[in-house]
Amino acid sequence: GAVVSQHPSRVICKSGTSVKIECRSLDFQATTMFWYRQFPKQSLMLMATSNEGSKATYEQGVEKDKFLINHASLTLSTLTVTSAHPEDSSFYICSASEGTANSPLHFGNGTRLTVT
Amino acid sequence: GENVEQHPSTLSVQEGDSAVIKCTYSDSASNYFPWYKQELGKRPQLIIDIRSNVGEKKDQRIAVTLNKTAKHFSLHITETQPEDSAVYFCAASTGGGNKLTFGTGTQLKVEL
């Protein structure tokens, strides 16, 4: 089945630094990937839609200059959390689909970000 | 945009009993409704999904029903087992592969 790989699984960084998270579709091409954020005991909230070769589409309330998304190839999307603050500590999960009308979304394993 | 509500937020059942989780959605254009199971610290795992041209779908102990007129869909788990304990999320979208809007989640606990 389709596999989505996400790295790193855990990262701890200091306040003010930037962190890059990678999301790869291993055995299929994904023109669109989605980035979600999940705070403890809460639901998954869509942050942005990553489109290969074009600018990402951000959900309302998500700062595009803080959460930089690059989708440079059909198998890789990256999310960079810039100038991270403790309130950015969360579980970030990417997802991708094979693009056909009936294809389900496949999720990466998630990245636990802790900003100290 | 789409809004998905999910109830209950927590559910405790005895092993062997059935569990039912209900969701409602707001966007009549939504036509794809997956259910995910998420264990602590792990990614959501798709357990079953249903499309708007179907009213019910079953896979062993798990079934999902959809009422398009009322805009609600439900997850039914029969003969619950301790390993069914997890957080369950419903979701809706306008098609497989399109962005999902998730419900708020249900913490299911199956007690021995």
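Here, the structure is the one placed above.
Quick caveat: nothing in here was measured; it's all calculated off a predicted structure.

Participant: Could you clarify how one ought to interpret the state of the cysteines in this entry?
Facilitator: Any covalent bond linking the sulfur atoms of two cysteines counts as a disulfide. All told, the structure shown has 2 disulfides over all chains when counted by the stated rule. Between the sulfur atoms of A:Cys23 and its disulfide partner A:Cys94 the distance amounts to 2.0 Å. Between A:Cys23 and A:Cys94 the sulfur-sulfur dihedral comes to about 80°; the bridge is accordingly right-handed. Taken together, the residues A:Cys23 in strand E3 (residues 19-25) and A:Cys94 in strand E9 (residues 90-96) connect sequence positions 71 residues apart. In this structure, A:Cys23 and A:Cys94 share a single accessibility class: buried. Paired through a disulfide, B:Cys23 and B:Cys90 show a sulfur-sulfur distance of 1.9 Å. Looking down the S-S bond of the B:Cys23 and B:Cys90 bridge, the torsion is -95°, so its handedness is left-handed. With B:Cys23 in strand E3 (residues 19-25) and B:Cys90 in strand E9 (residues 86-92), the pair connects residues that are 67 residues apart, well separated along the chain.

Participant: Any chance you could explain the packing of aromatic side chains here in plain terms?
Facilitator: Think of a pair of aromatic rings as described by two things: how far the centres are apart, and how the planes are tilted against each other in angle. Per the stated rule, a full pass over the model turns up 11 aromatic pairs over all chains. Their ring planes at 45° and their centres at 4.7 Å tell us that B:Tyr25 and B:Phe33 sit as a pair that is tilted. Accessibility assignment for this pair places B:Tyr25 and B:Phe33 in one class, buried. Taken together, the ring pairs connect A:Tyr36, A:Phe107, B:Tyr36, B:Phe89 and B:Phe102 into an aromatic cluster. If you follow A:Lys66 out to its NZ or CZ, it ends over the ring of A:Phe67, 5.9 Å from the centre.

Participant: Just to check I follow, could you spell out the pairing of strand E8 (residues 76-81) of chain A for this structure?
Facilitator: Residues in a regular strand point their side chains to alternate faces of the sheet. Residues and elements named next belong to chain A. E8 sits mainly inside the fold: 6 of its 6 residues count as buried. On E8, burial covers both faces: Leu76, Thr78 and Thr80 on one face and Ser77, Leu79 and Val81 on the other are all buried. Relative to E8, E3 runs antiparallel, the two being bridged by 6 bridges. Counterpart to Cys23 in the pairing with E8 is Ser77. As paired elements, strand E7 (residues 67-73) and E8 share 5 bridges and run antiparallel to each other. Within E8, the residue paired with Leu68 across the bridge is Thr80. Hairpin connection from E7 to E8: 2 residues lie between these consecutive antiparallel strands.

Procedures and definitions
Residues numbered from 1 in each chain as written. Chains lettered and ligands numbered in written order. Predicted model: local features only at pLDDT ≥ 70, side-chain atom pairs only at ≥ 80, totals over all residues. Heavy atoms only, no water. Disulfide = S-S within 2.5 Å. Helix = DSSP H or I, 4+ residues; strand = E, 2+ residues; numbered from the N terminus. Buried < 20%, exposed > 50% of the residue type's maximum accessible area, 1.4 Å probe, protein only. Phe/Tyr/Trp six-rings, centres within 6.5 Å; stacked < 30°, edge-to-face > 60°. Lys NZ or Arg CZ within 6 Å of the ring centre and 35° of its normal. Pairing = 2+ DSSP bridges.

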